[in-house]
Amino acid sequence: MTTAMQPSLAEINVHDSLDERWAVGNFLGKTLEQAEELFRESAITYQEDLQHMGPVAFRFYIPAFVNYLRSTASSGDSYAVNAFVSLVRNRWEHEPDELKPVRETLVDACRAILAEWDRFGVDETIYCGWGEMGLRGDYEALIASLTTTSADDPAGLR
């Protein structure tokens, strides 16, 4: 796997929004290991930065969130499981071409989360998901979306 360069300020802060500036403060100059440590400290806090940073920065830092979710440190962190599927789904809906380079990483992460579902202690009465299938169903739908697309539905979400 090729090691990418850390994202620049302009790659994190594309539109100069307040949220992007906040992400710059938290992530600029951070290695993947340092970013993973942020998620270990508080995934609820730092996952929001991934939503708002530019796509180059997102592609660089999403493996840090994935590494956290795949580690035992995330056991019991049902919020992170809920946040991850929402984050990826939202970005995939709005910028599928930007996520294609990390699509395999995202699919593998979703499958790993489903395989270890009980470890996260997800309460389906709290995290009910978007559809009738609940949060677990959201993961299955996201995997299907990330792995199959069509000309009528470039994001694969319909």
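As a starting point, this report considers the structure included with it.

### Focus on the overall build of the protein
At step 1: When its secondary structure is counted, the protein shows 8 helices and 0 strands.
At step 2: Ordering the α and β elements of the protein from the N terminus gives α-α-α-α-α-α-α-α.
At step 3: With 158 residues in all, the protein has 45% of them scored as buried.
At step 4: Counting contacts in the protein only where the partners sit at least 6 residues apart, residues at least 24 apart contribute 64% of the total.

### Comments concerning helix α8 (residues 134–147)
At step 1: Taking 1.5 Å of rise per residue, the 14 residues of α8 would be expected to cover 20 Å, and the 20 Å separating its terminal C-alpha atoms lies within 8% of that figure.
At step 2: Among the residues of α8, those classed as buried are Gly134, Leu135, Gly137, Asp138, Tyr139, Leu142, Ile143, Ser145 and Leu146.
At step 3: Among the structural elements, α5 (78–94) and α7 (103–115) are those in contact with the buried residues of α8.

### Focus on the environment of Thr105
At step 1: Its place among the elements puts Thr105 in helix α7.
At step 2: Its relative accessible area of 27% is what places Thr105 among the partly exposed residues.
At step 3: Each C-alpha atom, one on Thr105 and one on Arg59, is 9.8 Å from the other, the two residues being 46 residues apart in sequence.

### A word on the packing of helix α2 (residues 18–27) against helix α3 (residues 32–52)
At step 1: It is at 9 Å that the axes of α2 and α3 come closest, and there the two elements cross at 155°. Relative to α3, the element α2 is oriented roughly antiparallel. Crossing geometry of α2 relative to α3 is assigned as left-handed. Contact with α2, carried on its side by Asp19, Glu20, Trp22, Ala23, Asn26 and Phe27, involves Ala35, Leu38, Phe39, Tyr46, Asp49 and His52 of α3 and no other residues of that element.
At step 2: Taken together, the residues of the contact of α2 with α3 sort by class into 7 nonpolar, 2 polar and 3 charged.

Conventions and cut-offs
Residues numbered from 1 in each chain as written. Predicted model: local features only at pLDDT ≥ 70, side-chain atom pairs only at ≥ 80, totals over all residues. Heavy atoms only, no water. Helix = DSSP H or I, 4+ residues; strand = E, 2+ residues; numbered from the N terminus. Buried < 20%, exposed > 50% of the residue type's maximum accessible area, 1.4 Å probe, protein only. Contact = heavy atoms within 4.5 Å. Expected span 1.5 Å × (residues − 1). Axes fitted to C-alpha atoms, helices over the stretch in contact; angles between N-to-C directions. Parallel < 35°, antiparallel > 145°, perpendicular 65-115°, else oblique. Left-handed = near helix turned anticlockwise from the far one by under 90°. Nonpolar A, V, L, I, M, F, W, Y, C, P; charged D, E, K, R; others polar.

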